[in-house]
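Chains, contacts and geometry: an overview
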There are 2 protein chains.
Amino acid sequence: MTADKGVLPGIKRDVPTAIHVQVSEHIRLRIAGGEWPPHYRLKSEPELAQEFGVSRGTLRRALTTLIEEGLLRQVRGRGTFVTSTTIEPAIAQKLSTLSEDFASQGVVTTTSVRECSLIVPPQPVAALLDVAPGTQVLRLVRVRRTDQGPVALLFNFVRTDLAPGIEEVDFTSASLFGVLEGTYGLKIATARRTFSAEAATADVATALDLNEGGPVQYLQQVTYLADDRPVEYSDVWIHSGRLRVTSLLLRR
Amino acid sequence: MTADKGVLPGIKRDVPTAIHVQVSEHIRLRIAGGEWPPHYRLKSEPELAQEFGVSRGTLRRALTTLIEEGLLRQVRGRGTFVTSTTIEPAIAQKLSTLSEDFASQGVVTTTSVRECSLIVPPQPVAALLDVAPGTQVLRLVRVRRTDQGPVALLFNFVRTDLAPGIEEVDFTSASLFGVLEGTYGLKIATARRTFSAEAATADVATALDLNEGGPVQYLQQVTYLADDRPVEYSDVWIHSGRLRVTSLLLRR
């Protein structure tokens, strides 16, 4: 084991502050200054210990502090990474919903339901849902927030012939896919999602704390059952400063 | 086989225009008016023939015209769909590149190379590429255009220790992944892509024919080799009006 020598300028042995506290503060500054950006993979523990001139035990104590603070995260078999400062649901990669992705990442969100009623949808939505013009569907309008504020404004249109009575569900706590799959026994199979940058309308800007006309991430989705019938259409508006859509992709 | 009866108002038997031409014009208007939006799946041929009050042969002739015009496309086993009016590369779903996705969809693009030189990257890029501060990497700046105009502005940073001499390649015709895999024998394995809506800077706006401060789709990517080393970092700016990022997703 290496002795705790102050190799790196800034790590001082002759001050009352414990060495591991100095190391974690050093790393904290590198992260805050952008030198170690989100998703940066730290060098191995022996390399880092050598670089800081501290023992591996001291280094590990510093890393543990930063992991507990949420600034670093360890991925088994891959190493230690700088945590992203924005939430990054992988909804571009798998057919999960925002609420599922938040839950799996331990992000606490609250949902407020602005509307949950039967309406006649605009004709393009009726066409994509494969319902006759004039047919009523559920319109569900929700805002999802984290402790940072609102992150997404969701408009879902759901075929009620496939989910009769769904307008009675309290979507403050229930998830839409959960209800469709659990309560109605529907087999959700595929979806097509498109992503584009749009200018926020006044309504979207107000709902998401954005400037009107400023950029907002727009996601359009059509969800299909296993028998290929469309069940749900949605328009989702996302606050990019608080939530970045992510995709982890394989070449082959 | 049903006789050609003018059931639908607008399809007329007592005019010189052939029935199939009237039917295709009818469908063209529905698409243009948004009644049949992009990705709308048409009813089955027997149902449509009945709705228009024409024979299946006549209907099929009308559909063939629209397929040839690029307004409709047939997907084997799934039916006939309205074509999207924007290019929709599935780069949120698989680790393909824009050029590969364009090629597979038969979209003709041209590339202009604005810069292809060795530079010292900003420190966050160096960190994500896992190179020491001060190390030179390739910076490749390109604009991709379709016949609609510029669709994407790409800044790639590539590790030259893994691809020595890559700055000599003519990227007007060569693709970056093609060169890394073909010329250098590198095994590109995974990537992490994040998507967000940003306000276009003056440079980005000029390159993509957008308004400064207006919304632009931003994509950040880090690409890794099979041995987990990062090989490439990129910032990509996309004109959402001309190109929508798409993902076809499976629930299980």
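Per an unreviewed UniProt entry, chain A carries the name GntR family transcriptional regulator and comes from Streptomyces halstedii.

**Brief notes about the overall build of chain A**
Counting secondary structure elements, chain A contains seven helices and nine strands. In terms of C-alpha radius of gyration, chain A reaches 24 Å, well past the compact-globule figure of 18 Å for 252 residues. Per-residue burial for chain A yields a buried fraction of 52% across its 252 residues. The contacts in chain A between residues at least 6 apart in sequence include a share of 58% that link residues at least 24 apart. Per element, the accessible surface of chain A, about 11,300 Å² overall, is 52% carbon and sulfur.

**Describing the side chain of Glu 232 of chain A**
Residue and element names in this part refer to chain A. Relative to the helices and strands, Glu 232 resides in strand S8 (residues 230-238). Despite its burial, Glu 232 pairs with no opposite charge, the nearest such side chain being Arg 142 at 6.2 Å. For Glu 232, the side chain forms a polar contact with the side chain of Asn 156, separated by 2.7 Å. A polar contact of 3.2 Å, which involves the side chain of Glu 232, links it to the side chain of Gln 221. If we ignore the near neighbours within four places in the chain, the residues touching Glu 232 are Leu 129, Asn 156, Phe 157, Val 158, Leu 176, Phe 177, Gln 221, Val 222 and Thr 223.

**Quick word on helix H3 (residues 56-69) of chain B**
Residue and element names in this part refer to chain B. In this model H3 runs 20 Å from its N-terminal to its C-terminal C-alpha over 14 residues, within 8% of the 20 Å that 1.5 Å per residue would give. Listing the buried residues of H3 in full gives Thr 58, Leu 59, Ala 62, Leu 63 and Leu 66. Taken around the axis of H3, the buried residues stretch over an arc of 135°, which confines them to a single face. Opposite the buried face of H3, at more than 90 degrees from it, the exposed residues are Arg 61 and Glu 68. Among the structural elements, helix H1 (19-32), helix H2 (45-52) and strand S1 (72-75) are those in contact with the buried residues of H3.

**Re the confidence of the model for chain A**
Do not read the predicted coordinates in detail wherever pLDDT is low. Counting all residues, the mean pLDDT for chain A is 87, and 91% of those residues have values of 70 or more. Note on residues 1-6 of chain A: pLDDT under 50 across the span, and 19 contacts to partners over four residues away in sequence or across chains.

**A look at the sheet that holds strand S7 (residues 215-225) of chain A**
Ordered by their spatial adjacency, seven strands build an open sheet running S3(A)-S4(A)-S5(A)-S8(A)-S7(A)-S6(A)-S9(B), and the pairing between neighbours is antiparallel. Each end of this open sheet is capped by a strand with a single partner; those strands are strand S3 (110-119) of chain A together with strand S9 (245-250) of chain B. This sheet shows a mean twist of 15° between the axes of neighbouring strands, independent of strand direction. Relative to S8 of chain A, S7 of chain A runs antiparallel, the two being bridged by eight bridges. Opposite Leu 219 of chain A, over in S8 of chain A, you have Val 236 of chain A as the bridge partner.

**Notes on the interface of chain A and chain B**
Listed as interface residues are 52 residues of chain A and, on the opposing side, 52 residues of chain B. If you look at where chain A meets chain B, you find six salt bridges. Among the ionic pairs, Arg 244 of chain A bridges to Glu 198 of chain B, the shortest N-O distance being 3.6 Å. For the side of chain A that touches chain B, the elements supplying multiple residues, two or more each, are helix H5 (123-129), helix H6 (176-183), strand S6 (188-199), S7 and strand S9 (245-250) of chain A. Ranked by the residues each element gives to the side of chain A that touches chain B, the list is headed by S6 of chain A, at 12 residues. Classifying every residue of the side of chain A that touches chain B by side-chain character gives 25 nonpolar, 12 polar and 15 charged. Looking at chain direction, S6 of chain A and S9 of chain B are connected through six bridges and run antiparallel. Paired with Arg 192 of chain A across the strands is Leu 248 of chain B, a residue of S9 of chain B.

Scoring rules and cut-offs
Residues numbered from 1 in each chain as written. Chains lettered and ligands numbered in written order. Predicted model: local features only at pLDDT ≥ 70, side-chain atom pairs only at ≥ 80, totals over all residues. Heavy atoms only, no water. Helix = DSSP H or I, 4+ residues; strand = E, 2+ residues; numbered from the N terminus. Rg over C-alpha atoms; globule rule 2.2 N^0.38 Å. Buried < 20%, exposed > 50% of the residue type's maximum accessible area, 1.4 Å probe, protein only. Contact = heavy atoms within 4.5 Å. Areas by Shrake-Rupley, 256 points an atom, 1.4 Å probe, with all protein chains shown as cover. Lys, Arg positive; Asp, Glu negative; His and termini not counted. Salt bridge = Lys/Arg side-chain N within 4 Å of Asp/Glu carboxyl O. Polar contact = N/O pair within 3.5 Å; in protein donor to acceptor, adjacent residues only side chain to side chain. Expected span 1.5 Å × (residues − 1). Arc of directions from axis to C-beta. pLDDT = per-residue confidence, 0-100. Pairing = 2+ DSSP bridges. Axes fitted to C-alpha atoms, helices over the stretch in contact; angles between N-to-C directions. Nonpolar A, V, L, I, M, F, W, Y, C, P; charged D, E, K, R; others polar.

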